[in-house]
Amino acid sequence: MKVRLVKLPLFFVLGQKFIYSGPHMVKEIDALLKRLFPICRSITGNGVRKTLSIIRTHVPLKIKEVPTGTKVFDWTVPKEWNIKDAYIKDPSGEKIVDFKKNNLHIVGYSIPVNTKMKLSGLKKHLHSIPEKPSIIPYKTSYYKENWGFCVTHEQLTSLKDGTYEVVIDSSLKDGSLTYGELLIPGKSKDEVLISCGICHPSMANDSLSGVVLATLLAKELLKKKGRYSYRFLFIPETIGAIVWLAGNKTGAKRIKHGLVATCLGDSGQFNYKKSRAGNASIDTAVEKALKDSKMPYSILDYWPTGSDERQFNSPGFSLPIGSLMRSVYGHFPEYHTSGDNLDFVKGKYVEETLRLYAEVIFILENDALCTSRNPFCEPQLGPRGLYDDHHPEEFVISLLWLANYSDGKNTLLDIANIADQPFRAVQAAAESLEKVGFLRLG
Amino acid sequence: MKVRLVKLPLFFVLGQKFIYSGPHMVKEIDALLKRLFPICRSITGNGVRKTLSIIRTHVPLKIKEVPTGTKVFDWTVPKEWNIKDAYIKDPSGEKIVDFKKNNLHIVGYSIPVNTKMKLSGLKKHLHSIPEKPSIIPYKTSYYKENWGFCVTHEQLTSLKDGTYEVVIDSSLKDGSLTYGELLIPGKSKDEVLISCGICHPSMANDSLSGVVLATLLAKELLKKKGRYSYRFLFIPETIGAIVWLAGNKTGAKRIKHGLVATCLGDSGQFNYKKSRAGNASIDTAVEKALKDSKMPYSILDYWPTGSDERQFNSPGFSLPIGSLMRSVYGHFPEYHTSGDNLDFVKGKYVEETLRLYAEVIFILENDALCTSRNPFCEPQLGPRGLYDDHHPEEFVISLLWLANYSDGKNTLLDIANIADQPFRAVQAAAESLEKVGFLRLG
Amino acid sequence: MKVRLVKLPLFFVLGQKFIYSGPHMVKEIDALLKRLFPICRSITGNGVRKTLSIIRTHVPLKIKEVPTGTKVFDWTVPKEWNIKDAYIKDPSGEKIVDFKKNNLHIVGYSIPVNTKMKLSGLKKHLHSIPEKPSIIPYKTSYYKENWGFCVTHEQLTSLKDGTYEVVIDSSLKDGSLTYGELLIPGKSKDEVLISCGICHPSMANDSLSGVVLATLLAKELLKKKGRYSYRFLFIPETIGAIVWLAGNKTGAKRIKHGLVATCLGDSGQFNYKKSRAGNASIDTAVEKALKDSKMPYSILDYWPTGSDERQFNSPGFSLPIGSLMRSVYGHFPEYHTSGDNLDFVKGKYVEETLRLYAEVIFILENDALCTSRNPFCEPQLGPRGLYDDHHPEEFVISLLWLANYSDGKNTLLDIANIADQPFRAVQAAAESLEKVGFLRLG
């Protein structure tokens, strides 16, 4: 038997059937990034509420409030923090550090302060990065009451002796933790979870890029009913995931696949951090989508620092949830600094990641157990018009792999991997075989 | 304990005990290749019958006829095709393409033609390989009625305008499909299958080399009763395998190991294409025979194009059948052309492959579960004359491996692989241990 | 979440908590090596008794005598061999080979001889190593009655024709086989076995180094009750192991982990020969101890020559026993020659190996199944003082790995390997989590 050697171009566009993407999508992403970036978010407070209300202009988000003091597993919902202004005036009365210019200047959860102090005392509350003298670091003190300012190292070293005026017009009191949730019902109650973090002030990759991707992916998925239900969580990191899981201990069992969306808008290559189990369907699906995309990528074993996959993968839940990123948190120099801004993150990169997420969803939606209805010898493909030169090579080859491997134990994804053929080719071939009655899918 | 370091020469000849080979065998192979090569075979017809009748002068083949129209799974036995003559005469009346000079000139299953036509019309029925201008390609059209000639590209480009006479004196009508079968009964009804293809006209490696090997291997196996029964199939590729399987749906279950024999007579290195399961005993046995032979080889995972392993490994049968070749179909330049001839294929190469097949059979025949009758500590080998310098090093080392690994779960082949010792050495050592009552085999 | 990057020095000393080692230990090892080295040991006889009585001055060994002729599985306890003197006098009456100068001169188990003979006849009883002309080889003839002398090749080639006087003042008669045994009871009856060979005359690495290590390790383990019971065997190789196993067929089942101690006192890198199963806890524990030690090492699959692991791993017992060595028997040039002496073996190397054995024991004693008592999301480490910069990085990271992987299926050793963190760090972190009620160990 001779294998036809016609090489046809890749016959699908990444993410096709879920994302009708293009320049308009890049524009929409850029606009949303620009609108959300300046807001001063934290794990609680009005910055979160404002962010969620903007997202709600795109998708019908439900917004939840959980009161301060609520016990959630080993944790307690903290006080609500809000801030109006914060600055430092130098001995000459000049405002040298100003929250209104960059919200990273204030240590998150800083308690109210209105005082004068000597430089030596002030310095204990100032944070900078000596190795990056023109960059403002990002700091928080959620669970230990404290206050502080983050400044560039250039600022810090130029300070002269004298008495400084320090004002933090913040409030830290009982209130609530706010998060957003959206369920898009599918044919099945089995869920795919997409979770992103809404607790970071003006940083773009971590984790705003994930918020924007989740919003626009949800908008696309709302357009037609899929096989799975899709649940989107817009939550403050760690405490938000714990709050949601505590309130959905049973419901969480419906989650069959999931991704934590963060750090996905820079120009770096793709990185996939696997679920703790390491062999979940989501792990295989993401790896296949990455491979089929022909873009460079790395697959990383699970490790227990990072984002909310830590909570979802805790042993009591063990959910099959990984994280599909570009540059990995902690491994790019802009991480947790004022360098993680809209020069670093671009709509065109988020859009590319968005199509990759859509491709993963295409695989999850279409993967199915393959059982041949014609298991004895090969089906005769020629007379049915399946075995000729009009089909791309990958399609014809996939027919033969399916004929041999559809033993009721392999799924489309298994066969695509064994055959080293694009999932799209194997899926298209399987659909054709199903149509002529040779294959049972599912 | 000191390991003796005496290095003795490899103490077996590949294939020994089954094949008493040597120059006479090479001669016999060359003679049979020469006799069978010129016959015009196809998937049906008198070429196949003539081939089988020649094989029958060597081994007591049963010849079966299956009528046109017989339904076999998804397929139907096609009309029988025969051909007496075919040629093209140029405008000057000169015979420029002549089936009698090379039967590859005619597209297999060409319908009868007797006509005159312009060059432009004729060209639609001519096939050549521009990259190999002096070579005739091999083409067939079994399941779509058509006709054509295969010519060298030099011939094609030298044709001048004018009217050509085209004659194909063929017949395509109801008849039968012919195949040969030989069962050599062994002590057990469990079978080893050797299958080869008898449907190719004058090409030597694909698949005539396999036909010749199968014939002479069968001749040797007829000489003494083995542990297994051996079934040899001489069938047209694809439809022949389907016909046989359709008629032996239950009987096929007796096949415990098998090899498809084709492309095994050129000077290329050995290639073993594994069964679909990939971990069948035949896979391990062939790999061990190849390793022990100290000749270069590659082990290839199963893929669903190729020869009749496709049918045997279809999910309804899932038979443990691989293919032990030299150069792989489609991967040598002579494949499916007039270059695949008796300059390319030689008796000495077929003979070497034959001994390798015999070695595989030696392993299959002798492999057995090893259970120590002396499982507590080592047996004392010295007083029994087993532990001294008169034995080859591999033998003595194998005794120790057997003493430690004969736990009733490992077979000889497992232990030979764990020990990285030749199967022959481990088998000889096991026989000695069995003789002195230390080991139970089987 | 930001990972703190403070790098603290390795916070444990190899072997700590079992071995309070240092210069005094090196001294003690050197003294014991020096005292035991000159004794002429064999598989039976007074050399063994003298050796055991010296060991008994360190640890309360039980000394067992098993009579000649006792049947032990496929073997029989041999006659007892003792030797007082042996020499060869040359034609001029000069003592040219003298057992009293080096006990390797006599082939072990040589029968009594008192005769005169020509050089040609004598030469049949002389052994040397032509490639190492100034070295005396080591030879025995336990199970075939014979006699011989081992000499340097320089000696052999300098011998002149004439009549030689040969005297071997030995005895070979019914007596007994002697071995030593020590059981240190622990909280559990489950045992760890340390076995060493006391049958070699004046050679230091094989296997005296193991005898010395076992003695001093036992002395340390006697100081406090552990989780496991520890059984130490001081036995003649092969026949001693067989004797012990024959007498403890049921008792042997209590052995859960074990090591054969030999060839561990030279300056070579570490080598661990795995148990036959290859995936026993002892295999994982030794590999982890080696990895955590940051010293170079190799892990070797089991093979059936070597020392008493051959008997312990025989299929009737299949005990999880490996061998942790430095240079491997047969693979260093001094092996089984007069070169294996106290220039080659040093107390400081034995001491290093001793601490490694202690580290393995630390792992075995402390390994436990990890089950989170807080399996839903992460525990809040901060308020409990666990999550701050005062702890070494490995400790804090280990807390997070434990929080995520303590699913009741992984042990500390599993988690240490998954996390690629030192066992000591993970164990310390687990203890802290246990203390605050987050983890159940065991």
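What counts and how
- Residues numbered from 1 in each chain as written.
- Chains lettered and ligands numbered in written order.
- Predicted model: local features only at pLDDT ≥ 70, side-chain atom pairs only at ≥ 80, totals over all residues.
- Heavy atoms only, no water.
- Helix = DSSP H or I, 4+ residues; strand = E, 2+ residues; numbered from the N terminus.
- Contact = heavy atoms within 4.5 Å.
- Areas by Shrake-Rupley, 256 points an atom, 1.4 Å probe, with all protein chains shown as cover.
- Domains from an automatic or database assignment.
- Buried area = accessible area lost by both parts, 1.4 Å probe.
- Salt bridge = Lys/Arg side-chain N within 4 Å of Asp/Glu carboxyl O.
- Polar contact = N/O pair within 3.5 Å; in protein donor to acceptor, adjacent residues only side chain to side chain.
- Nonpolar A, V, L, I, M, F, W, Y, C, P; charged D, E, K, R; others polar.
- Patch = residues over 30% accessible without salt bridge, like charges linked within 9 Å, V, L, I, M, F, W, Y side chains within 5 Å.
- Lys, Arg positive; Asp, Glu negative; His and termini not counted.
- Charge placed at Lys NZ, Arg CZ, Asp CG, Glu CD.
- Pairing = 2+ DSSP bridges.
- Axes fitted to C-alpha atoms, helices over the stretch in contact; angles between N-to-C directions.
- Core = buried A, V, L, I, M, F, W, Y, C linked by side-chain atoms within 4.5 Å.
- Buried < 20%, exposed > 50% of the residue type's maximum accessible area, 1.4 Å probe, protein only.
- Least-squares fit on C-alpha atoms with pLDDT ≥ 70 in both.
- Arc of directions from axis to C-beta.
- Expected span 1.5 Å × (residues − 1).
- Left-handed = near helix turned anticlockwise from the far one by under 90°.

Structural notes on the overall build of chain A
Phase 1: Regarding its fold elements, chain A presents twelve helices and 19 strands.
Phase 2: Taking the principal axes of its C-alpha atoms as reference, chain A extends roughly 90 × 45 × 35 Å.
Phase 3: Taking as baseline every contact in chain A between residues at least 6 positions apart, the subset at least 24 positions apart corresponds to 81%.
Phase 4: As displayed, chain A has an accessible area near 17200 Å², and 51% of this comes from carbon and sulfur atoms.

Looking at the domain arrangement of chain A
Residue and element names in this part refer to chain A.
Phase 1: For chain A, the assigned domains are domain 1 (11-77 + 176-363), domain 2 (80-173) and domain 3 (369-441).
Phase 2: The centre of domain 1, based on its C-alpha atoms, is set 34 Å off from the matching centre of domain 3.
Phase 3: Counting residues at the interface gives 15 residues for domain 1, matched by 13 residues for domain 3.
Phase 4: Overall, the association of domain 1 and domain 3 removes approximately 1100 Å² of surface from exposure, summing both partners, and the carbon and sulfur fraction of that is 64%.
Phase 5: Summed over the shared surface of domain 1 and domain 3, the result is two salt bridges.
Phase 6: Across the contact surface, domain 1 and domain 3 share four residue pairs in polar contact (both at pLDDT 80 or more).
Phase 7: Where the side of domain 1 that touches domain 3 is concerned, the elements lending two or more residues are α7 (281-293) and α9 (347-366).
Phase 8: Tallied by class, residues from the side of domain 1 that touches domain 3 come to six nonpolar, four polar and five charged.

As for a positive patch on the surface
Phase 1: A grouping of Lys17, Lys187, Lys224 and Lys225 of chain A is seen on the molecular surface, where their side chains present a positively charged patch.
Phase 2: Its location among the elements puts Lys224 of chain A in the loop between α5 (208-221) and β12 (229-235).

What to know about the interface of chain A and chain B
Many descriptions give the size of an interface as the accessible area lost when the pieces come together.
Phase 1: Listed per partner, the contact involves 20 residues of chain A and 23 residues of chain B.
Phase 2: At the surface where chain A touches chain B, the tally comes to three salt bridges.
Phase 3: In this structure, Arg310 of chain B and Glu378 of chain A form a salt bridge, with 2.6 Å as the shortest nitrogen-oxygen distance.
Phase 4: Counting across the interface, chain A meets chain B through eleven residue pairs in polar contact (both at pLDDT 80 or more).

Some thoughts on the sheet that holds strand β19 (residues 439-441) of chain B
All names here are of chain B.
Phase 1: Spatial strand order, β18-β17-β19: three strands in an open sheet with antiparallel pairing. The open sheet terminates on both sides in strands that have one partner only, identified here as β18 (407-411) and β19. Adjacent strand axes in the sheet meet at a mean angle of 25°, parallel and antiparallel pairs treated alike.
Phase 2: Judged from the three bridges that link them, strand β17 (residues 369-372) and β19 form a sheet pairing that is antiparallel. Each residue of the ladder has a partner; that of Ser372, found in β19, is Leu439.
Phase 3: Lying on the sheet, helix α11 (residues 412-419) is in contact with β17, β18 and β19; it crosses β18 at an angle near 75°.

Details of the nonpolar core
Phase 1: Counting residues in hydrophobic clusters, the biggest one holds 185 residues, and the most contacted among them are Phe232 of chain B together with Phe232 of chain C.
Phase 2: In contact with Phe232 of chain C, not counting residues within four places along its chain, are Gly180, Glu181, Leu182, Ile184, Ile194, Ala214, Leu217, Ala218 and Leu221 of chain C.
Phase 3: Counting 92 residues, the second largest nonpolar core, distinct from the first, contains Cys196, Leu208, Leu217 and Leu221 of chain A.

Overview of the relation of the copies chain A and chain C
Phase 1: When chain A is brought onto chain C, the operation consists of a screw motion whose angular component is 120° and whose axial shift is 0.0 Å, with 0.0 Å RMSD remaining. Seen this way, the second copy is the image of the first under a three-fold rotation axis. Every residue of chain A has its C-alpha some distance from the rotation axis, and the shortest such distance is that of Asn279 of chain A, at 13 Å.

A word on α11 of chain B
Phase 1: Leu412, Leu413, Ile415, Ala416 and Ala419 of chain B are the residues of α11 of chain B that are buried. Seen along its axis, α11 of chain B keeps its buried residues to an arc of 165°; they face one direction.

Topic: the sheet that holds strand β19 (residues 439-441) of chain C
All names here are of chain C.
Phase 1: The sheet built from three strands is open, its strands ordered β18-β17-β19 with antiparallel pairing. Bordering the open sheet on either side are β18 (407-411) and β19, each of which pairs with just one other strand. Averaged over all adjacent pairs, the angle separating strand axes in this sheet is 25°, with direction ignored.

Thoughts on helix α12 (residues 423-435) of chain B
Residue and element names in this part refer to chain B.
Phase 1: If you check α12, its first and last C-alpha atoms are 18 Å apart, about what 13 residues at 1.5 Å a residue would give, namely 18 Å.
Phase 2: Among the 13 residues in α12, ten count as buried, and that is most of the element.
Phase 3: Of the residues making up α12, those classed as buried are Phe423, Arg424, Ala425, Val426, Gln427, Ala428, Ala429, Ala430, Ser432 and Leu433.
Phase 4: Two residues or fewer past α12, Gly437 is found with a positive phi of approximately 85°.

Observations regarding the interface of chain A and chain C
Phase 1: Contacts between the two partners involve 23 residues from chain A and, on the opposite side, 20 residues from chain C.
Phase 2: It is Asp74, Pro304 and Pro315 of chain A that lose the most area in chain A upon contact with chain C, and together they represent 29% of the buried surface on that side.
Phase 3: Joining chain A to chain C, the criterion identifies three salt bridges.
Phase 4: On the surface where chain A and chain C come into contact, there are eleven residue pairs in polar contact (both at pLDDT 80 or more).
Phase 5: Contributions of two or more residues to the side of chain A that touches chain C are made by α6 (239-247) and α8 (309-312) of chain A.
Phase 6: Per-class residue counts for the side of chain A that touches chain C are eleven nonpolar, six polar and six charged.

A closer look at the pattern of salt bridges
Residues and elements named next belong to chain A.
Phase 1: Tallied over the entire structure, the rule returns 60 salt bridges over all chains.
Phase 2: The shortest N-O distance in the salt bridge between Lys100 and Asp85 comes to 3.7 Å. Of the two residues, Lys100 is situated in the loop between β5 (95-98) and β6 (113-118) and Asp85 in strand β4 (residues 80-89); the sequence distance between them amounts to 15 residues.
Phase 3: Exposure remark for Lys100: the relative accessible area of 60% places this residue in the exposed category.
Phase 4: For Glu352, the salt bridge goes to Arg326, with nearest N and O atoms at 2.9 Å. Linking Glu352 in helix α9 with Arg326 in the loop between β16 (321-325) and α9, this pair joins segments that are 26 residues apart in sequence.
Phase 5: According to the relative accessible area criterion, Glu352 is partly exposed, its value standing at 23%.
Phase 6: On the basis of relative accessible area, Arg326 is assigned to the buried category, the value being 4%.
Phase 7: Members of the salt-bridge network, linked through shared partners, are Lys64, Glu181, Glu191, Arg231 and Arg254.

Re the packing of helix α10 (residues 393-405) of chain B against α12 of chain B
All names here are of chain B.
Phase 1: It is at 8 Å that the axes of α10 and α12 come closest, and there the two elements cross at 65°. Between α10 and α12 lies a crossing whose hand is right-handed. For the pair α10 and α12, the contacting residues are Glu394, Phe395, Ser398, Leu399 and Leu402 in the first and Ala425, Val426, Ala428, Ala429, Ala430, Ser432 and Leu433 in the second.
Phase 2: When the residues that make up the contact of α10 with α12 are grouped by side-chain class, the tally is nine nonpolar, two polar and one charged.

Remarks on the environment of Pro333 of chain C
Phase 1: With respect to the helices, strands and loops of the structure, Pro333 of chain C is situated in the loop between β16 (321-325) and α9 (347-366).
Phase 2: Taking C-alpha positions, Pro333 of chain C is 29 Å from Lys288 of chain C, a pair spaced 45 residues apart along the chain.

Observations concerning the side chain of Thr68 of chain B
Phase 1: Note on placement: Thr68 of chain B falls in the loop between β1 (62-67) and β2 (71-72).
Phase 2: Not counting residues up to four positions away in its chain, the partners in contact with Thr68 of chain B are Val77, Pro78, Lys79, Glu80, Lys173, Asp174, Gly175 and Ser176 of chain B.

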